[in-house]
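Listed here are the chains, written in short residue letters.
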Amino acid sequence: MRRILSSIFLTSIALFMASCGSSQTKNDENSSEANIMNEEGLEYTELTKVPLPCSKEMLYTAWKQIGVIETSRRKSLDYKQHTPTLFISADLDKDGSPEILLRGEEPYAAIYTYLQDSLQLITFVDNPHIGLGITPDGVILRNGTDHSGASFSDFIKLKDSQVATSGGIRETFVIEKNEMISGKVQYFLKNDTSTVKVSAEEYKQVAPDQNGTFLEDIDGWEDFRKP
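On a predicted model such as this, the values are computed, not experimentally measured, just so you know. (Residues numbered from 1 in each chain as written. Predicted model: local features only at pLDDT ≥ 70, side-chain atom pairs only at ≥ 80, totals over all residues. Heavy atoms only, no water.)

*Asks:* Please clarify how the overall build of the protein chain should be interpreted in this entry.
*Replies:* Regarding its fold elements, the protein chain presents 5 helices and 15 strands. Within the protein chain, the fraction of its 227 residues that count as buried is 48%. Sequence-distant contacts, at least 24 apart, represent 51% of the contacts inside the protein chain between residues at least 6 apart. (Helix = DSSP H or I, 4+ residues; strand = E, 2+ residues; numbered from the N terminus. Buried < 20%, exposed > 50% of the residue type's maximum accessible area, 1.4 Å probe, protein only. Contact = heavy atoms within 4.5 Å.)

So this is what it looks like as structure tokens:
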């Protein structure tokens, strides 16, 4: 069963569970998915593949340049030591310039755009407790939990192969009477190089209104290791 990544933040501990990585979700797929969505009427993302615009050597070098990402509890994500294994080349924003989705051993993943003969990193997994997804309209989604335990749901909209709009929601949780409940929800939009807090209404005017499909559940991946 393919998994949906929600573009609308759900105030539920079930979202926390569903965003912590595919291995945890698949082990408890029925219970967690039943809590966060109704299967009827869901639209899964289908990407139309286009020719790879650059060499795999260029992609490999760009992947390695992500380097080592320090995470909590003395763990790290090391893109230098984990080779990409799968890729999809697709034009997410329909501007004629393709984006390249790369995956390695879970949770390693990155998304690039190729513009003017240059690879540019759009986003990547910098925390083992997040998942990346794509909506049917080509919006990139990031859902998961940060080092403090807060849940987040971010989106990235592309235009002309560049980030045009991005934002996100953060929700903290508190424990009351031995139960974890929602504490505070904050909405953010990025304006140029800064991130500003906005109201829920302002956020919903910009945020995507579609769910996304997790990268690993999108069909059509090709073997990066083949010549």
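*Asks:* Would you mind showing me how to read the confidence of the model for the protein chain here?
*Replies:* Note: predicted coordinates in regions of low pLDDT should not be interpreted at a detailed level. Per-residue pLDDT for the protein chain has a mean of 83; in total, 82% of the residues score no lower than 70. This model gives residues 9-38 a pLDDT under 50, and the stretch forms 51 contacts once residues within four places in sequence are excluded. (pLDDT = per-residue confidence, 0-100.)

*Asks:* Could you clarify how one ought to interpret the environment of E222 in this entry?
*Replies:* Note that E222 resides in strand 15 (residues 222-223). On a C-alpha basis, the gap between E222 and F87 in space is 5.4 Å, while along the polypeptide they are 135 residues apart. Ignoring sequence-local partners within four residues, the contact set of E222 consists of K49, T85, L86 and F87.

*Asks:* Quick question: what am I supposed to make of the packing of aromatic side chains here?
*Replies:* Within the structure shown, the criterion is met by 6 aromatic pairs. Look at Y79 and Y108: their rings are 4.9 Å apart centre to centre, the planes differ by 80°, and that puts the pair in the edge-to-face class. One end of the pair, Y79, is in the loop between strand 3 (76-78) and strand 4 (86-90); the other, Y108, is in the loop between strand 5 (99-103) and strand 6 (109-115), and 29 residues separate them in sequence. Just as Y79 is buried, Y108 falls in that class too. (Phe/Tyr/Trp six-rings, centres within 6.5 Å; stacked < 30°, edge-to-face > 60°.)

*Asks:* Hey, could you run me through the sheet that holds strand 15 in this one?
*Replies:* Within a beta sheet, neighbouring strands are joined by backbone hydrogen bonds and run either parallel or antiparallel to one another. Strand order in the open sheet formed by 5 strands is 7-6-5-4-15, with antiparallel pairing between adjacent strands. Both edges of this open sheet fall to strand 7 (118-124) and strand 15, since each of them pairs with a single strand only. Pairing geometry for strand 5 and strand 6, over 5 bridges, is antiparallel. Bridge pairing in strand 6 places L102 opposite A110. (Pairing = 2+ DSSP bridges.)

*Asks:* Sorry, what's going on with unusual backbone geometry here?
*Replies:* Most of the time, phi is negative for any residue but glycine, and the peptide bond is trans. Note that the residue after E106, namely P107, is joined by a cis bond; omega there is 10°. For P107, the location among the structural elements is in the loop between strand 5 and strand 6. Notably, Q116 is not glycine yet its phi reads approximately 55°, a positive angle. Examined against the element boundaries, Q116 turns out to sit in the loop between strand 6 and strand 7. What makes Q116 exposed here is its relative accessible area of 73%.

*Asks:* Can you walk me through the pattern of salt bridges in this structure?
*Replies:* Pairing between side chains becomes possible if they bear opposite charge and their charged atoms approach one another. Following the criterion strictly, the structure yields 4 salt bridges and no others. The salt bridge involving E222 is made with K49; its shortest N-O contact spans 3.5 Å. With a gap of 173 residues between them, E222 in strand 15 and K49 in the loop between helix 3 (29-36) and helix 4 (56-65) connect regions that are remote in the sequence. E222 sits in the partly exposed class, given a relative accessible area of 32%. When the shortest N-O distance is used, the salt bridge between D154 and R170 registers 2.7 Å. Linking D154 in strand 10 (residues 151-159) with R170 in strand 11 (residues 162-176), this pair joins segments that are 16 residues apart in sequence. (Salt bridge = Lys/Arg side-chain N within 4 Å of Asp/Glu carboxyl O.)

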